[in-house]
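An overview of the molecular structure
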Amino acid sequence: MVEQTAIQLINEEKQFSDAILPYFKSILEEKDIGQNYHVISVFGSQSSGKSTLLNILFNTEFDTMDAQVKRQQTTKGIWLAHTHEINNSHDDRSLLNEELFVLDVEGSDGAERGEDQDFERKAALFAISVSEVLIVNLWEQQIGLYQGNNMGLLKTVFEVNLSLFGNSHQKKKVLLLFVIRDHVGVTPLESLSESLINELESLWDGLNKPIGSDNISLYDFFDLKFVGLGHKILQNDKFIEDVKKLGDQFSQSPTKSEKAIFRPIYHHMLPLDGWCMYAQNCWDQIENNKDLDLPTQQILVARFKTNEILEETFIKYFNDFDKIVQPILNNRDDLILELKHIKEQCLSDYDSMASRYTKQVYLENRQSLISKINEKFENSVDQHLKDVSIELLDKINDIIKENMNNKKLTFIDSLTTVKDSMDKQYMSILKKFNENDLLLLSSVEQKCKDFEKLLDSKIIELKNNELKLLISKVRKTITFEIKDEIIPLLSNPSLDVWDKIISRFNSILDRNLSKYKVQVAAVESTESDKDNSKEEGDTQSIQYDFQLGLGQITNDTTAKRIHFAAWLSLATTTHDYLKSDTIVNIIRDTFENAFRYDENDTPILWKDEQEIDETFKMARRKALSVLDILCMAKTSDNVEIVPDVNIDDEIGKEYEDEVGIYHMTRFSHILNELEKEKVLQQFKRQVNLIVIDAKRSIIKTTTHIPLWIYVIIVVLGWNEFMMVIKNPFYVTMLLILSVAFFFVHRFNLWNPVLNVVSVAIGETRQTVKSKLREYVLDEHEKVPHKARSM
Ligand SMILES: Nc1nc2c(ncn2[C@@H]2O[C@H](COP(=O)(O)OP(=O)(O)OP(=O)(O)O)[C@@H](O)[C@H]2O)c(=O)[nH]1
């Protein structure tokens, strides 16, 4: 046997060769024949001329027996040979443009295997399973003999075949081509065929059919064809001619001739590598005596092969996927184009390779490939959509700010508009990917939900920020107003100062919350409910809406927060302001006002100490009553003021005073007893000084010029006084000077007077100087004159 042209598919030990694929590769090289091939088996008694027929018909080179040497088994196991040549009457061997694979099966009834019919049964079943055409080779004289013409074996094969495929919906047909050898022509072929058909049909009828397969006919599984070949030894030319005629039928196309042997219904519709795997699976099943389900095997092969193709094409296009896609992740149009291109290429490659397998499996795996591709796209698309989401969400802030700055829309209207717009933008982008089938169907809805979630959390964040701003703004205003209105009240406290403070506080709070108040229609209630609501101040019918699209609970909580903050601000303001020193100053001022000024706010001029003492007592009483008011926040009804919210946790600090007593800071507790005592002492020290000052001022005015001075003045100046009184000139001069002095002093003319006096003095000085100069010069001139005259 020539190694290159035939290979042992299954050896005598019933082992399937693993060299089949390399064999196919070596003979076909890189040629992809797809489904353009046919598988033919030959089956018959040992040394019945099977190999000889195949070699002449298909130009193969199977071993044949040399009868002149020894009649013995030549073909062992199952051999496979490749050919594309068919001997025909046109003498054109390349008529058929398809590849042929011919299986030469070990002959039955061989002496070498003896009674062991296991292999020949398995081989027959295998041949039926994997071939389109099974040539049953028999001598003319064997027809009519049960054992001699393999009818026994055929019966077994039919039976197994029926039990395996009887209930299958996909009944694949095989052509049983009975080749009658040494047909010398005495008995016409028709008559021989008839005998064989009768034999086969009665054989079929006699089969032990499985339940439910009673009505299945022989022809549901097999087509029958009969050919007679002349005696090779005696009529060699006729033999060759008959073989060529048979070759014609093999060469013909089913579309052109009814006699054509190869028909699509016999084909397994598997590409060659798939057929190889299929054949191996069939043999494994047969060999292991398992149920051989050919359609299932075909599907398994298709599944395996299409999976293999799927993986190969996927790797081919997605090995460098990240490198290709990463740089264009931010460019949506390029990204969509590239993804689309990759997907189309990948699917086109898959289609060309896998579409040759069972359609259902091919389509199933195509869908898997699409899902796999989309899954791979998922990361990139997700990354892109994430960037898009961030971009869109970032824009929201600016758009809302712009809308609010331009006073175009309120915050909540702006928020609704922006949300709709962002939703639309995102959906249109998502739609672009979806339209191009670049998303996993299952993920589209999720992506929408994810964006909705992001958008909602952004909206909540914006609302919270806006709410924080609003609360902070209202708090600041309330704090400012509290300081502005409450501190003046505290710095000059009246007896009902705390009533006034609470009243102002309520009006401040009300003023700041009024624009957010919503009147809600009163809910029908029972009489007792109405009474209760009256007692509670009808607050139940008032709700708040801070115009930020918040839920009622959040609105109410916000109102409560502002209410709480207002109380805290009031507490902080009063406690910060009413420190011990400030209280000392306040009560000292109260004391001073009462002590120094009368009812008309006129300063009191003390006449005597008794008056000072009485006024002191009155002023101190007033100051101490103010101290009592400031030490404890109580209404004029003497009811301690307790905030209607619990701010104790904020201001309620526990502390120990100097004498070891624990105190808890409360809103109404401004000073504790110890602090009050200290304030009192400080106050006393300060007012004592004021009283001492007052008393000293009386002594000063009364003891400023001692009386005896006046007596001395009168005693010592009596003569001068009398002299002035008695002289009319002095009296007149005194009166004139007194009047002049009065007017100058009254009209504050001392400066002009002093100017006049200084000018007069200057003039006088000049005059005196000039007179003196004249006098000196005159004396000088007289002296030389006297000297000359002497
Ligand atoms: N009378 C006759 N002899 C033939 C014919 N064809 C082949 N022979 C002879 O029969 C003998 C066996 O032929 P093979 O082709 O080896 O038979 P085989 O069926 O392949 O044998 P195994 O492979 O051993 O089963 C050879 O000597 C052939 O010359 C034929 O048509 N008529």
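Cut-off values and rules
Per chain, the residues get numbers from 1 upward, laid out in the order the sequence is written. With pLDDT at 70 or above as the cut-off, local features in this predicted model cover only qualifying residues; side-chain atom pairs require 80 or more to be listed or tallied, and sums for whole chains, interfaces and linings still use all residues. Computation of side-chain values: all heavy atoms of the structure, hydrogens and water removed. UniProt positions are given in the numbering used here, feature names are shortened, and annotations may be inferred rather than shown by experiment. Secondary structure elements are defined from DSSP: runs of H or I of at least 4 residues count as helices, runs of E of at least 2 residues count as strands, and each element is numbered from the N terminus. Relative accessible area decides the class of each residue, using a 1.4 Å probe on protein chains only: under 20% of the type maximum gives buried, over 50% gives exposed, and in between gives partly exposed. Two residues qualify as a contact provided that any one of their heavy atoms is within 4.5 Å of a heavy atom in the partner residue. The accessible surface values rely on the Shrake-Rupley method and a 1.4 Å probe; as for residues, cover is taken only from the protein chains in view. By salt bridge we mean one thing: a side-chain nitrogen of Lys or Arg within 4 Å of a carboxyl oxygen of Asp or Glu. Distance and chemistry together define a polar contact, namely a pair of N or O atoms within 3.5 Å, with one atom able to donate a hydrogen and the other to accept it when in protein, and with adjacent residues in sequence counting only for side-chain atoms on both sides. Aromatic rings from Phe, Tyr and Trp, taking only the six-membered ring of Trp, are treated as a pair when their centres fall within 6.5 Å; an angle between ring planes under 30 degrees marks them as stacked, one over 60 as edge-to-face, and anything in between as tilted. For two strands to count as paired, DSSP must find a minimum of two bridges between them. To define axes, lines are fitted to C-alpha atoms, for helices over the stretch in contact only, and angles between the resulting N-to-C directions are given on a 0 to 180 degree scale. In these notes, a set of buried Ala, Val, Leu, Ile, Met, Phe, Trp, Tyr and Cys residues joined through side-chain atoms within 4.5 Å is what counts as a nonpolar core. Angles below 35 degrees are treated as roughly parallel, those above 145 as roughly antiparallel, those between 65 and 115 as roughly perpendicular, and all remaining angles as oblique. Each crossing is labelled by how the near helix is turned from the far one, with a counterclockwise turn of less than a right angle marking it left-handed and a clockwise turn marking it right-handed. Residue classes follow a fixed rule: Ala, Val, Leu, Ile, Met, Phe, Trp, Tyr, Cys and Pro count as nonpolar, while Asp, Glu, Lys and Arg count as charged, and any other residue, Gly among them, counts as polar. To count toward a patch, a residue needs a relative accessible area over 30% and no salt bridge; like charges are then connected within 9 Å, while nonpolar side chains (Val, Leu, Ile, Met, Phe, Trp, Tyr) are connected within 5 Å. A residue counts as positive if it is Lys or Arg and as negative if it is Asp or Glu; His and the chain ends are not included. Lysine's charge is taken at NZ, arginine's at CZ, aspartate's at CG and glutamate's at CD.

As recorded by an unreviewed UniProt entry, the protein chain carries the name GB1/RHD3-type G domain-containing protein and is attributed to Arxiozyma heterogenica. Turning to the protein chain, the UniProt annotation filed under Subcellular location (unreviewed entry) states: "Endoplasmic reticulum membrane". On record in UniProt, under Sequence similarities (unreviewed entry), the comment for the protein chain is "Belongs to the TRAFAC class dynamin-like GTPase superfamily. GB1/RHD3 GTPase family. RHD3 subfamily."

**Concerning the overall build of the protein chain**
Helices and strands together make up the secondary structure of the protein chain, namely 25 helices and eleven strands. Among the 790 residues that make up the protein chain, the fraction classed as buried is 41%. Within the protein chain, counting contacts between residues at least 6 apart in sequence, those at least 24 apart form 74% of the total. Accessible surface computed for the protein chain: about 45500 Å², of which carbon and sulfur atoms make up 53%.

**With respect to the pattern of salt bridges**
A full pass over the atoms with the stated rule returns 27 salt bridges. When the shortest N-O distance is used, the salt bridge between Asp 693 and Arg 696 registers 3.7 Å. In this pair, Asp 693 and Arg 696 both sit in helix α21 (residues 673-702), three residues apart, roughly one turn of the helix. One salt-bridge network, held together by shared partners, links Glu 481, Glu 485, Arg 504 and Arg 511.

**Digging into the UniProt feature "binding site: GTP" (unreviewed entry) in the protein chain**
Feature annotation in UniProt places "binding site: GTP" (unreviewed entry) on Gly 44, Ser 45, Gln 46, Ser 47, Ser 48, Gly 49, Lys 50 and Ser 51, given in this structure's numbering. Its place among the elements puts Lys 50 in helix α2 (residues 50-58). At a separation of 3.4 Å, a polar atom in the side chain of Lys 50 contacts the main-chain carbonyl oxygen of Gly 44. Position of Ser 51 relative to the elements: it lies in helix α2.

**A closer look at the packing of aromatic side chains**
Inspection of every chain in the model, using the stated rule, returns 31 aromatic pairs. Where Tyr 426 meets Phe 451, the ring centres are 3.9 Å apart and the plane angle is 0°; that geometry is what we call stacked. Taken together, the positions of Tyr 426 in helix α13 (residues 411-435) and Phe 451 in helix α14 (residues 441-491) put the pair 25 residues apart, joining distant regions of the chain. Across the pair, exposure class does not vary: Tyr 426 and Phe 451 are buried alike. Taken together, the ring pairs connect Tyr 23, Phe 24, Tyr 37, Phe 101 and Trp 275 into an aromatic cluster.

**Quick look at the pairing of strand β1 (residues 6-10)**
The buried fraction of β1 amounts to four of the five residues, a majority that puts the element mostly inside the structure. Relative to strand β3 (residues 78-83), β1 runs antiparallel, the two sharing four bridges. Paired with Gln 8 across the strands is Trp 79, a residue of β3.

**Examining the sheet that holds strand β4 (residues 99-105)**
Reading across from one edge, β1-β3-β4-β2-β5-β6-β7 is the order of the seven strands in this open sheet, with mixed pairing throughout. A strand with exactly one partner marks an edge of an open sheet, and here the two such strands are β1 and β7 (222-228). Averaged over all pairs of adjacent strands, the angle between their axes in this sheet comes to 25°, without regard to strand direction. Relative to β7, strand β6 (residues 174-181) runs parallel, the two being bridged by seven bridges.

**A word on the pairing of strand β2 (residues 37-44)**
In terms of burial, β2 is a largely internal element, eight of the eight residues being buried. Going residue by residue along β2, you find Tyr 37, Val 39, Ser 41 and Phe 43 tucked away on one face and His 38, Ile 40, Val 42 and Gly 44 tucked away on the opposite face as well. Here β2 pairs with β4 via six bridges, running parallel. Pairing of Val 39 across the sheet is with Phe 101, part of β4. As defined by bridge partners, β2 adjoins strand β5 (residues 133-139) across five bridges and the pair is classed as parallel.

**A word on the nonpolar core**
The biggest cluster of nonpolar side chains holds 172 residues, and the ones touching the most others in it are Phe 126 and Phe 178. When residues in this core are grouped by element, the largest group, 15 residues, is from α14. Contact partners of Phe 126, with chain neighbours within four places excluded, come to Leu 9, Ile 10, Phe 16, Ile 78, Leu 103, Ala 279, Cys 282, Trp 283 and Ile 286. Counting residues in hydrophobic clusters, the runner-up holds 28 residues, among them Leu 53, Leu 57, Ile 86 and Val 179.

**Some details on unusual backbone geometry**
The general pattern is negative phi for most residues beyond glycine and trans for most peptide bonds. Positive phi, normally seen in glycine, also occurs at Asp 182, with a value near 55°. Within the secondary structure, Asp 182 sits in the loop between β6 and α5 (189-205). Its identity is not glycine, yet Asn 638 carries a phi of approximately 65°, on the positive side. Residue position: Asn 638 is located in the loop between α19 (609-631) and α20 (648-651). Of the residues examined, Asn 638 reaches a relative accessible area of 54% and is grouped as exposed.

**Quick notes on the packing of α14 against helix α15 (residues 497-513)**
Pairs of packed helices are described in terms of their axes, by the angle between the two and the distance that separates them. Viewed as axis vectors pointing N to C, α14 and α15 meet at an angle of 160°, and their least axial separation amounts to 10 Å. By the angle class used here, α14 and α15 are roughly antiparallel. Judged by the twist between their axes, the crossing of α14 over α15 is right-handed. Contacts between α14 and α15 involve Val 474, Thr 477, Ile 478, Glu 481, Ile 482, Glu 485, Ile 486, Leu 489 and Leu 490 on the former and, on the latter, Val 497, Trp 498, Lys 500, Ile 501, Arg 504, Phe 505, Ile 508, Leu 509, Arg 511 and Asn 512. Each residue belonging to the contact of α14 with α15 can be placed in one class, and the counts come to twelve nonpolar, two polar and five charged.

**Observations regarding the side chain of His 384**
Note on placement: His 384 falls in helix α12 (residues 359-405). Polar contacts involving the side chain of His 384 include one to the side chain of Arg 332, which spans 3.0 Å. Ignoring any residue separated from it by four or fewer positions in sequence, one finds His 384 in contact with Leu 329, Asn 330, Arg 332, Leu 335 and Phe 433.

**Concerning a nonpolar patch on the surface**
Taken together, Val 739, Phe 741, Phe 742, Phe 743, Phe 747, Leu 749, Trp 750, Val 753, Leu 754, Val 757 and Ile 761 make up a surface patch of nonpolar side chains, about 1000 Å² in accessible area. Taken together, the elements giving at least two residues each to the nonpolar patch come down to α24 (728-746) and α25 (750-789). Broken down by element, the nonpolar patch gets its largest block of residues, five residues, from α25. You can see Leu 749 is positioned in the loop between α24 and α25.

**As for the side chain of Asn 88**
By the element assignment, Asn 88 lies in the loop between β3 and β4. Here the side chain of Asn 88 touches Ile 86 through a polar contact of 3.1 Å, landing on its backbone oxygen.

**A few points about the packing of α13 against α14**
Contact geometry for α13 and α14: axes closest at 11 Å, N-to-C directions at 160°. The angle between α13 and α14 places the two elements in the roughly antiparallel class. Considering only the axes of α13 and α14, their crossing is right-handed. Counting all contacts with α13, which are made through Phe 411, Ile 412, Leu 415, Lys 419, Met 422, Asp 423, Tyr 426, Met 427, Leu 430 and Asn 434, the residues of α14 involved are Val 444, Lys 447, Cys 448, Phe 451, Glu 452, Leu 455, Asp 456, Ile 459, Leu 462, Lys 463 and Glu 466. Among the residues forming the contact of α13 with α14, the class breakdown is 13 nonpolar, one polar and seven charged.

**Considering a negative patch on the surface**
Where like charges cluster on the molecular surface, the negative patch consists of Glu 391, Asp 394, Asp 398 and Glu 402. Of note, Asp 394 is situated in helix α12.

**Quick look at the environment of Ile 400**
Along the chain, Ile 400 turns up in helix α12. Setting aside its immediate chain neighbours within four residues, Ile 400 contacts Phe 411, Ser 414, Leu 415, Val 418 and Leu 462.

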